[in-house]
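Take a look at the letters that make up each chain.
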Amino acid sequence: MTEADEVDRIVGAWNTQRPDLDFSPLEVLSRMDRLTRLLDRARRDVFRRSDLEAWEWDVLSALRRAGAPFQLSPKQLLQQTLVSSGTMTNRIDRLVGRRFVRREADPADGRSVLVTLTDDGRIRVDAAITRLVDVEDDLLQALSRADRDRLAGLLRKLSLSVDA
């Protein structure tokens with residue numbers, strides 16, 4: 001028999017109290033919830049060590065992933081970070097204040113601006129992603145590469161069905 005975890009104990013208690021219900025969804029989603037909370041803590045620690053807030057990470061990493069010259073429009077940033085336009089304006093202002101990004105006129109449309117990652121911002125986000133990958137790799141040490149690939153595929157399948 002495999003080692004029991006906290007979810008096994010919770011589901012076992014519910015099965016005793018409510019044997020009329022199928023608790024198999026809890027066996028999956030309660031584990032996902034518990035792991036999400038652990039991952040959130042680990043990520044907050046990584047960002048803290050990189051002197052970043054999670055929201056700063058969201059914006060800076062979107063710009064970094066865009067590739068050179070590391071620019072996106074505020075609208076593109078909105079689409080990637082799923083926040084309101086007012087929130088994004090505030091976030092860009094704060095990142096400009098920290099000198100992690102700068103606003104530049106869009107050469108294709110003089111009425112528009114592009115948000116550009118500065119060298120300081122790139123250095124900060126590169127350090128954070130290196131730490132993040134290391135920490136997340138440690139969290140997955142119990143799984144083989146094949147297990148990770150299988151789990152990633154199953155989670156992708158679930159994510160696509162829930163998003164649909």
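Residues numbered from 1 in each chain as written. Predicted model: local features only at pLDDT ≥ 70, side-chain atom pairs only at ≥ 80, totals over all residues. Heavy atoms only, no water.

K.L.:
How should the overall build of the protein chain be read in this particular structure?
P.N.:
Within the protein chain, the regular secondary structure consists of seven helices and three strands. Listing every helix and strand of the protein chain by position from the N terminus yields α-α-α-β-α-α-β-β-α-α. Relative to the globule expectation of 15 Å for 164 residues, the C-alpha radius of gyration of the protein chain, 21 Å, shows a markedly less compact shape. Taking the principal axes of its C-alpha atoms as reference, the protein chain extends roughly 65 × 30 × 25 Å. Out of the 164 residues belonging to the protein chain, those deemed buried represent 23%. In the protein chain, the share of contacts with a sequence separation of at least 24, taken over all contacts with a separation of at least 6, comes to 47%. (Helix = DSSP H or I, 4+ residues; strand = E, 2+ residues; numbered from the N terminus. Rg over C-alpha atoms; globule rule 2.2 N^0.38 Å. Buried < 20%, exposed > 50% of the residue type's maximum accessible area, 1.4 Å probe, protein only. Contact = heavy atoms within 4.5 Å.)

K.L.:
What is the right way to look at the pattern of salt bridges in this model?
P.N.:
A side chain of one charge can pair with a side chain of the opposite charge if their charged atoms are brought near each other. Evaluation of the coordinates by the stated rule reveals 19 salt bridges. The partner of glutamate 136 in a salt bridge is arginine 43, and the shortest N-O contact between them spans 2.6 Å. Taken together, the positions of glutamate 136 in helix H6 (residues 119-139) and arginine 43 in helix H2 (residues 24-49) put the pair 93 residues apart, joining distant regions of the chain. Classification of glutamate 136 by relative accessible area gives partly exposed; the value is 22%. Residue arginine 98 pairs with aspartate 51 through a salt bridge whose shortest N-O separation is 2.8 Å. Separated by 47 residues along the polypeptide, arginine 98 in the loop between helix H5 (85-97) and strand S2 (101-106) and aspartate 51 in the loop between H2 and helix H3 (54-65) bring together distant segments of the chain. Residue classification places arginine 98 among the partly exposed positions, given a relative accessible area of 30%. Counted as one network, the salt bridges with shared partners bring together Asp51, Glu56, Arg98 and Arg124. (Salt bridge = Lys/Arg side-chain N within 4 Å of Asp/Glu carboxyl O.)

K.L.:
What exactly am I supposed to notice about the sheet that holds strand S1 (residues 71-72) here?
P.N.:
The strands making up a sheet associate through hydrogen bonds between their backbones, and the pairing can be parallel or antiparallel. With antiparallel pairing, the three strands of this open sheet are ordered in space as S1-S3-S2. Edge positions in the open sheet fall to S1 and S2, since each of these has one partner strand only. Looking at chain direction, S1 and strand S3 (residues 109-117) are connected through two bridges and run antiparallel. When the bridges of S3 are listed, leucine 72 appears paired with valine 115. Across the sheet, H3 is in contact with S1, S2 and S3; its angle to S3 comes to roughly 100 degrees. (Pairing = 2+ DSSP bridges. Axes fitted to C-alpha atoms, helices over the stretch in contact; angles between N-to-C directions.)

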